[in-house]
Every structure is written in C-alpha cells, then in structure tokens.
Amino acid sequence: KAFKVEFIGLHAIDAGGPYRQAITELCHEIQSFRLPLFIPTRNNLNKIGSGQDHWIPNPASTKPTQLRMFEFVGKLMGMAFRVEHYLELDLPAIFWKHLVESEPSLMDLKLIDLNQFKLLDRLDSKR
C-alpha cells in the first residue's frame, strides 16, 4: 500500500479493506461529472456501439489546475502499477495505446465513436 486509510467514525483496521474502498471511491469520482478530467465516450452519449462504459480525457481540460489533476491521476496509476493494485478506471484501448506509444487503429476509434468510424470508413471506401 502506498498510504494508510482511516475513515473517520468507522472503527476498521486498515488491512486492505478501507484502502481498497478509498481507491475505488477515488476512481469513481475521477470518472464522473464532478470533475472536469474525463468525459463519456461518444458511444456512451449516443447509446450506440461498444465501449459505452468507457471514459476519455476531456480535451477542454487545459487549465493549470486541471493539468495538475491529470498529473495526480498519472501518479495514482503509477502507484497502482507499483503495488499491483487494480484501478477501476474504464479507459478505452486507445488511451492505453497512447501511453505505451502504440499506433491506434480505426477499430480503436470504433470503440469510442461509432459514428465517426462509419464516416471515415465511408470516405475511405470512396477512394
């Protein structure tokens, strides 16, 4: 564990339960409308295709405070990798490919924005 968790008013010994609960709550807050960092995929908003449960970084979150918040999320991910703790973040493959400098594919786009994928596919087929 990277830190100790104590919920005020609860008499629990942190043998992992409160720690895991705190991380889970943090992940749910990161992927919510309470913070400006992540937004639902277009497939989620349009209720079509796969990946409706995924969230993507909000391109409008560019203020210094928001960038520091993204930095915190990155540190949280790094901490989770080090202690082998699963983060409940619903991020699409295209997000992870960017982090590992892997080339995204049109199929990755299809998982977050089916309508955009169809448009690009139609344009490509008319060449």
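Residues numbered from 1 in each chain as written. Predicted model: local features only at pLDDT ≥ 70, side-chain atom pairs only at ≥ 80, totals over all residues. Heavy atoms only, no water.

S.K.: Account for the overall build of the protein, naming residues and giving values.
M.R.: Helix and strand content of the protein: six helices and two strands. In the protein, the order of α-helices and β-strands from amino to carboxyl end is α-β-α-β-α-α-α-α. Relative to the compact-globule value of 14 Å for 127 residues, the protein shows a C-alpha radius of gyration of 18 Å, a clear excess of over 25%. Counting only C-alpha atoms, the protein reaches 65 × 30 × 30 Å along its principal axes. Counting the 127 residues in the protein, one finds 31% classified as buried. Taking as baseline every contact in the protein between residues at least 6 positions apart, the subset at least 24 positions apart corresponds to 45%. (Helix = DSSP H or I, 4+ residues; strand = E, 2+ residues; numbered from the N terminus. Rg over C-alpha atoms; globule rule 2.2 N^0.38 Å. Buried < 20%, exposed > 50% of the residue type's maximum accessible area, 1.4 Å probe, protein only. Contact = heavy atoms within 4.5 Å.)

S.K.: Break down the side chain of N58 for me, with residues and values.
M.R.: Along the chain, the position of N58 falls in the loop between β2 (55-57) and α3 (64-83). N58 gets classed as buried once you look at its relative accessible area, which sits at 17%. In this view, N58 contacts P36, L37, F38, I39 and F70; residues no more than four positions away in its chain are not counted.

S.K.: Describe the environment of I39, naming the residues involved and giving the relevant values.
M.R.: Counting through the fold element by element, I39 comes out in strand β1 (residues 38-40). Take I39: its relative accessible area is 28%, and that puts it in the partly exposed class. Through-space distance from the C-alpha of I39 to that of G49 is 17 Å; in sequence the pair is ten residues apart. Setting aside chain neighbours within four positions, we find I39 in contact with H54, W55, I56, P57, N58 and P59.

S.K.: Could you give an account of the pattern of salt bridges, naming the residues involved and the relevant values?
M.R.: Considering all chains together, one arrives at three salt bridges under this definition. For R34, the salt bridge is made with E29, and the minimal N-O distance between the two is 3.9 Å. For R34, a relative accessible area of 60% corresponds to the exposed category. Here D108 and K97 are joined by a salt bridge, their closest N and O atoms 2.7 Å apart. With D108 in helix α5 (residues 106-110) and K97 in helix α4 (residues 93-99), the pair connects residues that are eleven residues apart, well separated along the chain. (Salt bridge = Lys/Arg side-chain N within 4 Å of Asp/Glu carboxyl O.)

S.K.: Before we move on, can you summarise the nonpolar core with the specific residues and values?
M.R.: With 17 residues, the main nonpolar core has I23, F38, M77, L87 and L89 as its most contacted residues. Among the secondary structure elements, those contributing two or more residues to this core are α1 (17-30) and α3. With five residues, the single largest contributor to this core is α3. (Core = buried A, V, L, I, M, F, W, Y, C linked by side-chain atoms within 4.5 Å.)

S.K.: Before we move on, could you go through the packing of α1 against α3 and cite the residues and values that matter?
M.R.: Relative to each other, α1 and α3 sit at 145 degrees, their axes nearing to 12 Å. Both α1 and α3 take part in a crossing whose hand is left-handed. For the pair α1 and α3, the contacting residues are Y19, I23, L26 and I30 in the first and F72, V73, L76, M79 and V83 in the second. When grouped by side-chain class, the residues that make up the contact of α1 with α3 number nine nonpolar, no polar and no charged. (Axes fitted to C-alpha atoms, helices over the stretch in contact; angles between N-to-C directions. Left-handed = near helix turned anticlockwise from the far one by under 90°. Nonpolar A, V, L, I, M, F, W, Y, C, P; charged D, E, K, R; others polar.)

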